[in-house]
Protein chains: 2
Amino acid sequence: MEFDLIDRIRRHTEVNRDDVVKGIGDDAAVVAVPAGRELAIAVDTLVEGIHFPVGTAATDIGWKALAVNLSDLAAMGATPAWALLALTTPDADAAFFDGLASGFAELATPYRLALIGGDTTRGPLTVTVAVHGFTAPGEALLRSGARVGDVVMVTGTLGDAAAGLRCLAEADVSPYAALIERLNRPTPRVSAGQALRGLATACIDVSDGLVADLGHICAASGVGVDVEAAMLPRSSALLTHFTDADALDFALGGGDDYELCFTVPADLAGEAGATLARLGCGATRIGRVVEGAGVRVLDERGQVYEPTRAGWNHFAA
Amino acid sequence: MEFDLIDRIRRHTEVNRDDVVKGIGDDAAVVAVPAGRELAIAVDTLVEGIHFPVGTAATDIGWKALAVNLSDLAAMGATPAWALLALTTPDADAAFFDGLASGFAELATPYRLALIGGDTTRGPLTVTVAVHGFTAPGEALLRSGARVGDVVMVTGTLGDAAAGLRCLAEADVSPYAALIERLNRPTPRVSAGQALRGLATACIDVSDGLVADLGHICAASGVGVDVEAAMLPRSSALLTHFTDADALDFALGGGDDYELCFTVPADLAGEAGATLARLGCGATRIGRVVEGAGVRVLDERGQVYEPTRAGWNHFAA
């Protein structure tokens, strides 16, 4: 018999949804997409030692594996519906499985996200989640809609997760709890993404680092972006523990923030900011869409600033 | 920048489908399910050294990663539409990526299956595929519909893949090419599954071994099954190279066959057999659904036969 992790998680995440015709327990799940809705689908893998440090709590692994995927749906403005989980793990440790299940469920439940299928295999620890969400035709937030003159904005604060990763090397990590929490328990900006439908012209989630991810918007939209370094939102936790220069580099190049970076017509930027403020995450203007290609970071004197990290490359890391 | 494997595979598998609104290249894919169709979704992971031997050709890995997932759709009677691929690999070797892409594409193309998204990460070699297919409401083949008196049938032949795995230990593998081909290049019975809609009462694909997988039908349907050992379809390649007893154990307990095992009302068994014969895979009657629970294997004298392997347990292996 296959180990019953998927059943364990299902018990933790029991959600009744009318659109799930057949959930866990057959060769495939069967679902029904509501009339008038398109489906957004994303998949992301977390590998131990690459995407989370060896020794990360099972609950945090379960949370984060879902969070990074919900963040992809958030960047499309989609409403989460269903997920499948493929877990590869070196041994069948019930406590680990229960921890992973409870962390996954803790994030899934408020979204009424149903776990509809999965697979468990033996091998080095990796967790792959595939998520499905709904969008209305033509309403998905793509990377390709940025226009010259648009304002560039970002939710929340940047750089905390990368700083948290750095802090794990300290003998006493307790002063850095807020930063490490951002690393282990990222908050996908799901409601923010939904609120940006009809406002944002382009959107991406910051997973590899702001400069790298904004570069994807530039490439897809055929534009350039000027970012004002002084405008980047940084948390008090980050600024308390790191120099301004380090905090800036974390904000520009650190991965794993899972904030939304988006472009919005200048006359709608105020509305976007007010809307996201009401949702609790806020949003900050950090730059402008310009003619050209690629991301330029400008210091307070308008000079080009060269970040020391240009995003997070899993194959170069 | 993330390595461009997904782009490489997309180039190999370029398929234009009207139902793909946004394919590879954004935070999530966006697709439209045709009116009147439900969606079957499955996910399966292959781990090097567990699901394929170390040293397996990249093309075979690409093929098999998709095949085992298409087999799940086949077991539901679903029509393949889209896939996502999450690859974890220790290094960015272009030749390996091209091989994997071409093997994946070779199987995907005849089904007009579109690769709509993916993720590449660094770590121990594992390949996870999520597939999506269409079914009409109420037509999906579940495990739960077997009824006492139904005939149990299976497509193709059983035991070849497990025998092929055994043969890999030989100094000269050339005599066993047919068996090894079945291990590395399983044929998902997609058209067979579709043809069984409206005929089969329950269906499963044989991935863990016949006894184990038939056991899932028994559990889901609340019935027992009697299998006649002498009726099990075995290939001439298997019978040439192995004793009758070994061939029987491979057929009963060997995993990785990816044939369809299904139940069908006795008065429709002839029609099912004829239909599958026209599709080229054929189907063999191997037993009966009975009252009770679980699978009994009967020898030619009607005595209970105890197979030496009871299916393939990845965590016990």
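Residues numbered from 1 in each chain as written. Chains lettered and ligands numbered in written order. Predicted model: local features only at pLDDT ≥ 70, side-chain atom pairs only at ≥ 80, totals over all residues. Heavy atoms only, no water.

A. Spotlight on the overall build of chain A. Assigned secondary structure in chain A consists of 10 helices and 12 strands. With respect to the three principal axes, the spread of C-alpha positions in chain A is 65 × 55 × 35 Å. The buried share of chain A, taken over its 317 residues, is 59%. Contacts in chain A between residues at least 24 apart in sequence constitute 85% of all its contacts with a sequence separation of at least 6. Carbon and sulfur atoms make up 50% of the accessible area of chain A, which amounts to about 11,400 Å² in all. Here chain A carries 23 positive and 41 negative side-chain charges, and the mean point of each set is 4 Å from the other. (Helix = DSSP H or I, 4+ residues; strand = E, 2+ residues; numbered from the N terminus. Buried < 20%, exposed > 50% of the residue type's maximum accessible area, 1.4 Å probe, protein only. Contact = heavy atoms within 4.5 Å. Areas by Shrake-Rupley, 256 points an atom, 1.4 Å probe, with all protein chains shown as cover. Lys, Arg positive; Asp, Glu negative; His and termini not counted. Charge placed at Lys NZ, Arg CZ, Asp CG, Glu CD.)

B. Quick look at the interface of chain B and chain A. Contacts between chain B and chain A engage 61 residues on the former and 60 residues on the latter. Around 4,800 Å² of area is buried between chain B and chain A when both sides are counted, 60% of it from carbon and sulfur atoms. Taken together, the links from chain B to chain A amount to four salt bridges. Between arginine 143 of chain B and aspartate 26 of chain A there is a salt bridge, with its nearest N and O atoms 3.7 Å apart. Where chain B meets chain A, there are 11 residue pairs in polar contact (both at pLDDT 80 or more). (Buried area = accessible area lost by both parts, 1.4 Å probe. Salt bridge = Lys/Arg side-chain N within 4 Å of Asp/Glu carboxyl O. Polar contact = N/O pair within 3.5 Å; in protein donor to acceptor, adjacent residues only side chain to side chain.)

C. Broad picture of unusual backbone geometry. Of note in the backbone geometry, tyrosine 258 of chain A takes a positive phi value of approximately 55° without being a glycine. Examined against the element boundaries, tyrosine 258 of chain A turns out to sit in the loop between helix H9 (244-253) and strand E10 (260-264).

D. Representation of the domain arrangement of chain A within the structure. Residue and element names in this part refer to chain A. Under the domain assignment, chain A is made up of domain 1 (5-135) and domain 2 (151-298). In this complex, domain 1 contributes 22 residues to the contact, which on the side of domain 2 involves 18 residues. For the pairing of domain 1 and domain 2, the buried interface totals around 1,600 Å² over both sides, and the portion due to carbon and sulfur atoms is 54%. Where domain 1 touches domain 2, the interface holds three salt bridges. Residue aspartate 60 is joined to arginine 185 by a salt bridge in which the shortest nitrogen-to-oxygen separation is 2.7 Å. (Domains from an automatic or database assignment.)

E. Structural context of the side chain of serine 235 of chain B. Residue and element names in this part refer to chain B. Its place among the elements puts serine 235 in the loop between strand E9 (224-228) and helix H8 (236-241). By relative accessible area, which is 14% here, serine 235 ends up buried. Each residue touching serine 235, except ones within four places of it in the same chain, is listed here: Thr157, Asp160 and Leu179.

F. Main features of the relation of the copies chain B and chain A. In screw terms, the move from chain B to chain A is a rotation of 180° and a rise of 0.0 Å along the axis, fitting with an RMSD of 0.0 Å. Both chain copies can therefore be described as sitting about a two-fold axis. A shared binding surface is used by both copies, with 98% of the interface residues of chain B retained as interface residues in chain A. (Least-squares fit on C-alpha atoms with pLDDT ≥ 70 in both.)

G. Structural context of the packing of helix H2 (residues 58-76) of chain B against helix H3 (residues 94-108) of chain B. All names here are of chain B. At a minimum axis distance of 6 Å, the contact between H2 and H3 shows a crossing angle of 40°. The orientation of H2 with respect to H3, classified from their angle, is oblique. Judged by the sense of rotation from one axis to the other, the crossing of H2 with H3 is right-handed. Note on element contacts: H3 touches H2 through Phe96, Gly99, Leu100, Ser102, Gly103, Phe104, Glu106, Leu107 and Ala108, opposite Ala58, Thr59, Ile61, Gly62, Trp63, Leu66, Ala67 and Leu70. (Axes fitted to C-alpha atoms, helices over the stretch in contact; angles between N-to-C directions. Parallel < 35°, antiparallel > 145°, perpendicular 65-115°, else oblique. Left-handed = near helix turned anticlockwise from the far one by under 90°.)

H. Just the state of the cysteines, in detail. Applying the stated criterion across every chain yields a total of zero disulfides over all chains. Counting only cysteine sulfurs, cysteine 203 of chain B is the nearest neighbor of cysteine 281 of chain B, a cysteine outside any disulfide, at a range of 11 Å. (Disulfide = S-S within 2.5 Å.)

I. Spatial organisation of the UniProt feature "domain: PurM-like C-terminal" (unreviewed entry) in chain A. In this numbering, the UniProt entry assigns the feature "domain: PurM-like C-terminal" (unreviewed entry) to residues 147-297 of chain A. Each end of residues 147-297 of chain A is marked by a C-alpha atom, and these two atoms are 18 Å apart; helix forms 40% of the span and strand 21%. (UniProt positions renumbered as here; feature names shortened; annotations may be inferred.)

J. How the structure looks around the pattern of salt bridges. Scanning the model with the defined rule gives 24 salt bridges over all chains in all. A salt bridge links arginine 197 of chain B to glutamate 139 of chain B; the shortest N-O distance between them is 3.7 Å. Residue arginine 197 of chain B is located in the loop between helix H6 (190-195) and strand E8 (202-205), and its partner glutamate 139 of chain B is located in the loop between strand E6 (126-135) and strand E7 (151-155); the two are separated by 58 residues in the primary sequence. Accessibility expressed as a relative area gives 38% for glutamate 139 of chain B, which makes it partly exposed. Salt bridges linked by common partners bring Asp160, Arg182, Arg189 and Glu259 of chain A together as one network.

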